Amino acid sequence: MTLSAHAAPYDYPVANPFMATVTGTPERLRAPVPDEVDVQQTDLQVRVLPERHLPPALSQYRDLHYRVAWHDGPAPLIFLIAGTGSGYDSTRMDYLKRLFWQAGMHVIVLSSPSNHDFIAAASRSGRPGIAEDDARDLHTAMSMALQKAQSELGFKVTGYRLAGFSLGALHAAFVAELDSHLGQFHFERVLLLNPPVDLYASVRRMDELSYTRVAGVSDNDSFYEHIFQKLSRHFANRGNADIQTSLFEEIQNSPEVLNDAELAMLIGAVFRFSAADMNFMSDLINGGGRYAPADEDLKVSTSLTPYLRRALFCDFSCYVDTELLPSWQRRNAGGTLEQMAEQTSLHHIQSFLTDNPNIAAVSNASELILTRDDYYFLADTFGDRAYLYPTGGHGGNLDYEPVAERYLQFLAGDNQ
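The rules behind these values
- Residues numbered from 1 in each chain as written.
- Predicted model: local features only at pLDDT ≥ 70, side-chain atom pairs only at ≥ 80, totals over all residues.
- Heavy atoms only, no water.
- Pairing = 2+ DSSP bridges.
- Helix = DSSP H or I, 4+ residues; strand = E, 2+ residues; numbered from the N terminus.
- Axes fitted to C-alpha atoms, helices over the stretch in contact; angles between N-to-C directions.
- 1 Å grid on protein atoms, 1.4 Å probe; cavity = no way out; pocket = protein on both sides within 12 Å on 5 of 7 lines; lining within 4 Å.
- Points joined across faces, edges and corners; volume = space filled by probe spheres on them.
- Nonpolar A, V, L, I, M, F, W, Y, C, P; charged D, E, K, R; others polar.
- Core = buried A, V, L, I, M, F, W, Y, C linked by side-chain atoms within 4.5 Å.
- Buried < 20%, exposed > 50% of the residue type's maximum accessible area, 1.4 Å probe, protein only.
- Contact = heavy atoms within 4.5 Å.
- Parallel < 35°, antiparallel > 145°, perpendicular 65-115°, else oblique.
- Left-handed = near helix turned anticlockwise from the far one by under 90°.
- Phe/Tyr/Trp six-rings, centres within 6.5 Å; stacked < 30°, edge-to-face > 60°.
- Lys NZ or Arg CZ within 6 Å of the ring centre and 35° of its normal.

A. Molecular detail of the sheet that holds strand β2 (residues 64–69). Taken in spatial order, the 8 strands line up as β1-β2-β4-β3-β5-β6-β7-β8 in an open sheet, and their pairing is mixed. Unpaired on one side and paired on the other, β1 (41–46) and β8 (386–389) mark the two borders of the sheet. On average, each strand axis in the sheet is tilted by 20 degrees relative to the strand beside it, whichever way the strands run. Across 3 bridges, β2 lies against strand β4 (residues 106–110) in antiparallel orientation.

Structural data, given as structure tokens:
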């Protein structure tokens, strides 16, 4: 089932959802964006939690860092929330920032609440993963970031919009719902790019990718060596190591083609490192002592590598079971994992999403983090505001020009 009426035909060329997730759109088919040096932008920081105590080794995370791109004249402002474990300066956020800035918007880019810098600087609980708590933290951070940016840069805002990718899309939905009660930003448009529907079910799906078995590979270390050897042979045969132009398109048409198992494990491994980052930072802030002894003084010179290695043994599902659920149950006596999961899913705010004509979602039938039922939930909940495509994996087609044009039209106020 694909719901979409587009002026431009949809002819995204990457059918494999794993490859689409890893590579995105071939450069020739991407929506053009200005060069980074042509964007008027700067990085700022704000002290969100002045009472937060951090060990010296984490002193650089006392302030929340974020990126601002602005115009000299009055313009609408869009807040952009990064995906799972990602920072405000990630490659995907950089592309979307340039795309939205080019479309005439001021842009403030924030890290994911699951990223180490946000956990340390702006998460009151230090335990991201409860949607309503994360939304409150984000809303506070957004308010303070905007105030700081306008004070220092002096730009004028004519209205507010909000977008997020992946986990950031779920956050955007809950922030919008929260703001409908607080009445601060009155978001004119909210764009959910590849959102999970049932977050914890999506987490389990991504965790499973890191356990994918590749023939002849017994562990993560040998997996990375295996991939390195494939790339080395490819570049040796080609005669150069121009990764930018040849890595994915050419290697998939060479004898060193990456198979689905290799691609799945590559995606899962990246997700696993994000989980380790979140596990370690949450445990450290809350003094759990699971990875770094609670009474150990982590100095600026202290290497954090041994502690992060320990955290790699705990994936996102492990984090939910050992850290998040016990904390939630202390506030919700007798509550179950299923109840916590429902409260952190789009099902929990379905009526708000259905009744709000200013919220749209973009997703794909080949989305890695959705089940078939999740996909139909998006179609049923958003109706004509569900921009659904047959291919693209997890966000691989967001830079494909017909797709980008469609969600830019929505942000501009055109629902047709």
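So, next bit.
B. Just empty space enclosed by the protein, in detail. Counted by the stated rule, this structure contains 1 cavity of 30 Å³ or more. Of the pockets and cavities examined, the largest cavity occupies roughly 30 Å³. Around the largest cavity sit Asn279, Ser282, Asp283, Arg290, Tyr291, Tyr319, Thr322 and Glu323, which together line it. If you list the elements that add at least two residues to the lining of the largest cavity, you get α9 (260–285) and α11 (316–331). Looking at the lining of the largest cavity residue by residue, the classes come out as 2 nonpolar, 3 polar and 3 charged.

C. The arrangement of the nonpolar core in detail. In this structure, Phe79, Phe100, Ile108, Leu162, Leu191 and Tyr407 are the most contacted members of the largest nonpolar core, which totals 127 residues. Counting residues per element, this core draws most heavily on α9, which supplies 11 residues. Leaving out residues up to four positions away in the same chain, Phe100 has contacts with Ile78, Leu80, Met105, Val107, Ala163, Leu191, Tyr407, Leu408 and Leu411.

D. Fine view of the packing of helix α2 (residues 91–102) against helix α15 (residues 401–411). At a minimum axis distance of 11 Å, the contact between α2 and α15 shows a crossing angle of 55 degrees. Classed by the angle they form, the pair α2 and α15 counts as oblique. In this structure, α2 crosses over α15, and the sense of that crossing is right-handed. Residues Leu96, Leu99 and Phe100 of α2 lie in contact with α15, whose contacting residues are Ala404, Tyr407, Leu408 and Leu411. For the contact of α2 with α15, the residue count by class is 7 nonpolar, no polar and no charged.

E. Molecular detail of the packing of aromatic side chains. The final tally for this structure, using the stated rule, is 11 aromatic pairs. Here the aromatic rings of Phe79 and Tyr160 are separated by 6.4 Å at their centres, their planes lie at 15 degrees, and the arrangement is stacked. With a gap of 81 residues between them, Phe79 in strand β3 (residues 75–81) and Tyr160 in strand β5 (residues 157–165) connect regions that are remote in the sequence. The residues Phe79 and Tyr160 share a single accessibility class, namely buried. Each ring, one from Tyr375 and one from Tyr376, has its centre 6.1 Å from the other, and the planes form 80 degrees; the classification is edge-to-face. Using a relative accessible area of 5% as the deciding quantity, one classes Tyr375 as buried. The ring of Phe165 carries the charged tip of Arg92 above its face, separated from the ring centre by 4.1 Å.

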